[in-house]
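One-letter residues, chain by chain:
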Amino acid sequence: LGLTGGVRGFVPTMGALHRGHFALMEQCAKECSTPVVSIFVNPKQFGPTEDFSRYPRTLEADLELCKRAGCKVVFTPDSETIYGNATTTIHVEGVSELYEGAIRPGHFDGVATVVNALFNIVQPNVAYFGWKDVQQCAVISNMVEALHLPVRLQFCETVRESDGLALSSRNRYLSAENRKLAPTLFRTMTELAKQILHQPNLGRELMDEYCAEKRDALTNSGFEVDYLDVIDPATMRPSRFTANSRIIVAAKIGSTRLIDNIPIQS
Ligand code: PAF
């Protein structure tokens, strides 16, 4: 990109930017002298039956939002630029095994491979990611450590609609009826967080029971639940309650799959 000097900040995105991205870009622009955003819908992180071709592409509006957030350098590569004829894939073991990794085989290989390529091209000092994709945060942290990548990671808390629904580019797929139902995910996690905070020494067995009850409640409300669990975000494994543990959920409403997570805090 031919940029020199100061602190280069980087917000990698797949476009269809919303207020969640805006918060990342604003923070990046505030903290870094050269804020850079990338927009690239990465084919390698979509499974064969997933929504790559219908993933929203809104470049003009995206560029406007980048500018408003203070990010004037926007990198919009094509697949040829990122991958060329290369066939190398980065696989991060452990943290990419369960949850999204189990349900979307190959997804995190695609994420790690593209993020590594983008880091090498953009060469940021700091990179910004949302906690909304908590397992992605774990995969990227692990990769940065394993490959000694010279970049500091900054994870920012999820931005929500006033009814609790986490902002996501995929929310636009929701029908009006399902949009009303969607905040139930956040409400359910919040209820579970309260239960856990009442009994902070809860063993994992009882925790499993509570999680199962919440999964059943979501199923009864019309969700098709992939998982709901309490995890340690460093290992992405089930955990007991600690200062860092988070509740994670993934569920489908109609044909739209939503993921979300919250820290367990009073
Ligand atoms: O979080 C996303 O939008 C994507 O997974 C990322 C990090 C831009 C890689 O394609």
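For the structure given in this document, a descriptive report is provided here. Please read these numbers as outputs of a predicted model, since none were measured by experiment.

1. Let's talk about the packing of helix 8 (residues 184-198) against helix 9 (residues 204-221)
Two numbers describe how helix 8 lies on helix 9: the axes approach to 11 Å, and their chain directions differ by 155°. The orientation of helix 8 with respect to helix 9, classified from their angle, is roughly antiparallel. Crossing of helix 8 against helix 9: the hand is right-handed. Contact residues: T184, L185, T188, E191, L192, Q195 and I196 in helix 8; M207, Y210, C211, E213, K214, L218 and S221 in helix 9. Among the residues forming the contact of helix 8 with helix 9, the class breakdown is 7 nonpolar, 4 polar and 3 charged.

2. Overview of the pattern of salt bridges
For the coordinates displayed, the defined rule picks out 12 salt bridges. Linking R104 and E50 is a salt bridge whose minimum nitrogen-to-oxygen distance equals 2.6 Å. Within this pair, whereas R104 is found in the loop between helix 4 (100-103) and helix 5 (107-122), its partner E50 is found in the loop between strand 2 (34-39) and helix 2 (59-69), the two being separated by 54 residues in sequence. Look at R104 and you get buried, because its relative accessible area is 12%. Note that D226 is salt-bridged to R257, the shortest N-O span being 2.6 Å. Taken together, the residues D226 in strand 6 (residues 224-232) and R257 in strand 9 (residues 256-263) connect sequence positions 31 residues apart. Residues joined by salt bridges that share partners form a network here, namely E100, D226 and R257.

3. A short note on the packing of aromatic side chains
Scanning the model with the defined rule gives 8 aromatic pairs in all. A ring pair is formed by W131 and F155, whose centres lie 5.3 Å apart and whose planes are at 50°; its orientation type is tilted. Of the two residues, W131 is situated in the loop between strand 4 (126-130) and helix 6 (134-146) and F155 in strand 5 (residues 152-156); the sequence distance between them amounts to 24 residues. Classification of F155 by relative accessible area gives partly exposed; the value is 25%. By way of ring pairs, the aromatic residues F10, F119, F129, W131 and F155 are connected into one cluster. Directly above the ring of Y83 sits K44, whose terminal nitrogen or CZ lies 4.6 Å from the centroid. Here the guanidinium or amino end of R246 rests over the ring plane of W131, the centre of that ring lying 4.5 Å away.

What counts, and where the lines are drawn
- Residues numbered from 1 in each chain as written.
- Predicted model: local features only at pLDDT ≥ 70, side-chain atom pairs only at ≥ 80, totals over all residues.
- Heavy atoms only, no water.
- Axes fitted to C-alpha atoms, helices over the stretch in contact; angles between N-to-C directions.
- Helix = DSSP H or I, 4+ residues; strand = E, 2+ residues; numbered from the N terminus.
- Parallel < 35°, antiparallel > 145°, perpendicular 65-115°, else oblique.
- Left-handed = near helix turned anticlockwise from the far one by under 90°.
- Contact = heavy atoms within 4.5 Å.
- Nonpolar A, V, L, I, M, F, W, Y, C, P; charged D, E, K, R; others polar.
- Salt bridge = Lys/Arg side-chain N within 4 Å of Asp/Glu carboxyl O.
- Buried < 20%, exposed > 50% of the residue type's maximum accessible area, 1.4 Å probe, protein only.
- Phe/Tyr/Trp six-rings, centres within 6.5 Å; stacked < 30°, edge-to-face > 60°.
- Lys NZ or Arg CZ within 6 Å of the ring centre and 35° of its normal.

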